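# Structural characterization, general
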Amino acid sequence: VQLVESGGGLVQPGGSLRLSCAASGFAFSNYVMSWYRHAPGKERELVAVIMNAGGSTNYADSVKGRFTISRDNARNTVYLQMNSLKPEDTAVYYCAAKRRGVVTPAYWGQGTQVTVSS
C-alpha cells in the first residue's frame, strides 16, 4: 500500500497550490480520503474529507471557502486545491485513507511541506 503526496512548496500569501496524492495497493474507490496537516507546536488538524463516491465533502472551518478536495477514482488520486493561502496554512500536509464508518485512517502518506511566506 502506498499514498504518495506531491505538489507542496513555498508560496507567497494569497497564492495557490494544488496537492496530489496517488494511491496504490488497495481498493481506492472504496475508501474515504482525507487531507490532514500538522504544523510545528500544533495538533494535527483534519483539513478536508471526501467520501468514496466523491459526492460529499467536508472542510475544517479554517479552510472553508479557500480549499477544495476532489478525487479521480479512475486515476486513484485525491487532490487538494488551496487558494488564498495564509501563513497559518504552513504545515506538513498528509493524505489518508479510511473505510467508511471507521474513525482512524488505515493508510497514511509520507507528507508534503507547504510553506506560505513572503
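Quick note: structure is the one above.
Within each chain, residues carry numbers counting from 1 in the order of the written sequence. Since the coordinates come from a predicted model, pLDDT governs what is reported: local features require at least 70, and pairs of side-chain atoms require 80 or more to be given and counted, while whole-chain, interface and lining totals use all residues. Hydrogens and waters are ignored; side-chain quantities use all the structure's heavy atoms.

## Focus: the environment of Ala-96
Runs of E in the DSSP output that reach at least two residues are strands. Runs of H or I that reach at least four are helices, and both are numbered from the N terminus. In this fold, Ala-96 is placed in strand β9 (residues 91-99). With 65 residues separating them along the chain, Ala-96 and Tyr-31 place their C-alpha atoms 9.4 Å apart. When near neighbours in sequence (up to four residues on either side) are disregarded, Ala-96 contacts Leu-3, Val-32, Met-33, Ser-34, Tyr-36, Pro-105, Tyr-107 and Trp-108. We call two residues in contact when some of their heavy atoms are within 4.5 Å.

## Remarks on the pattern of salt bridges
A pairing counts as a salt bridge when a side-chain nitrogen of Lys or Arg comes within 4 Å of a carboxyl oxygen of Asp or Glu. Summed over the entire model, instances satisfying the criterion amount to five salt bridges. As a salt-bridge pair, Lys-64 and Asp-61 come within 3.1 Å of each other at their nearest N and O atoms. The same class applies to Lys-64 and to Asp-61, which are both exposed. Close ionic contact of Arg-66 with Asp-89 constitutes a salt bridge, the shortest N to O distance being 2.7 Å. Residue Arg-66 is found in the loop between β6 (57-59) and β7 (67-72), and its partner Asp-89 is found in the loop between β8 (77-82) and β9; the two are separated by 23 residues along the sequence. Through salt bridges with shared partners, a single network forms among Arg-37, Glu-45, Arg-66 and Asp-89. Working definition: with a 1.4 Å probe on protein chains only, accessible area under 20% of the residue-type maximum means buried, over 50% means exposed, and in between means partly exposed.

## Thoughts on the side chain of Glu-5
By the secondary structure assignment, Glu-5 is in strand β1 (residues 2-6). His is not counted, nor are the chain ends, whereas Lys and Arg count as positive and Asp and Glu as negative. One buried charge, Glu-5, has no salt-bridge partner; the nearest side chain with opposite charge is Arg-44, at 11 Å. The term polar contact refers here to a pair of N or O atoms within 3.5 Å; inside protein, the definition further demands a hydrogen-donor-capable atom paired with an acceptor-capable atom, and it admits residues adjacent in sequence only when both atoms are side-chain atoms. In this structure the side chain of Glu-5 is engaged in a polar contact, spanning 2.8 Å, whose partner is the backbone nitrogen of Cys-95. Reaching out from Glu-5, the side chain makes a polar contact with the backbone nitrogen of Gln-110 at a distance of 3.0 Å. For Glu-5, the residues in contact, after removing those within four places along its chain, are Ser-20, Cys-21, Trp-35, Tyr-93, Tyr-94, Cys-95, Gly-109, Gln-110, Gly-111 and Thr-112.

## A few points about the packing of aromatic side chains
Ring pairs are drawn from Phe, Tyr and Trp, using the six-membered ring of Trp, whenever the two centres fall within 6.5 Å, and their geometry is named by plane angle: stacked under 30 degrees, edge-to-face over 60, tilted for the rest. In total, this model carries five aromatic pairs according to the counting rule given. Each ring, one from Phe-26 and one from Tyr-107, has its centre 4.9 Å from the other, and the planes form 40°; the classification is tilted. On the criterion of sequence distance, the pair formed by Phe-26 in the loop between β3 (17-24) and β4 (31-38) and Tyr-107 in strand β10 (residues 107-108) is long-range, its members being 81 residues apart. Given the relative accessible area of 24%, Tyr-107 is considered partly exposed. Aromatic side chains Tyr-36 and Trp-108 sit 4.8 Å apart centroid to centroid with 50° between the ring planes, which places their arrangement in the tilted category. Taken together, the positions of Tyr-36 in strand β4 and Trp-108 in strand β10 put the pair 72 residues apart, joining distant regions of the chain. Among the aromatic residues, those joined into a ring-pair cluster are Phe-26, Phe-28, Tyr-31 and Tyr-107.

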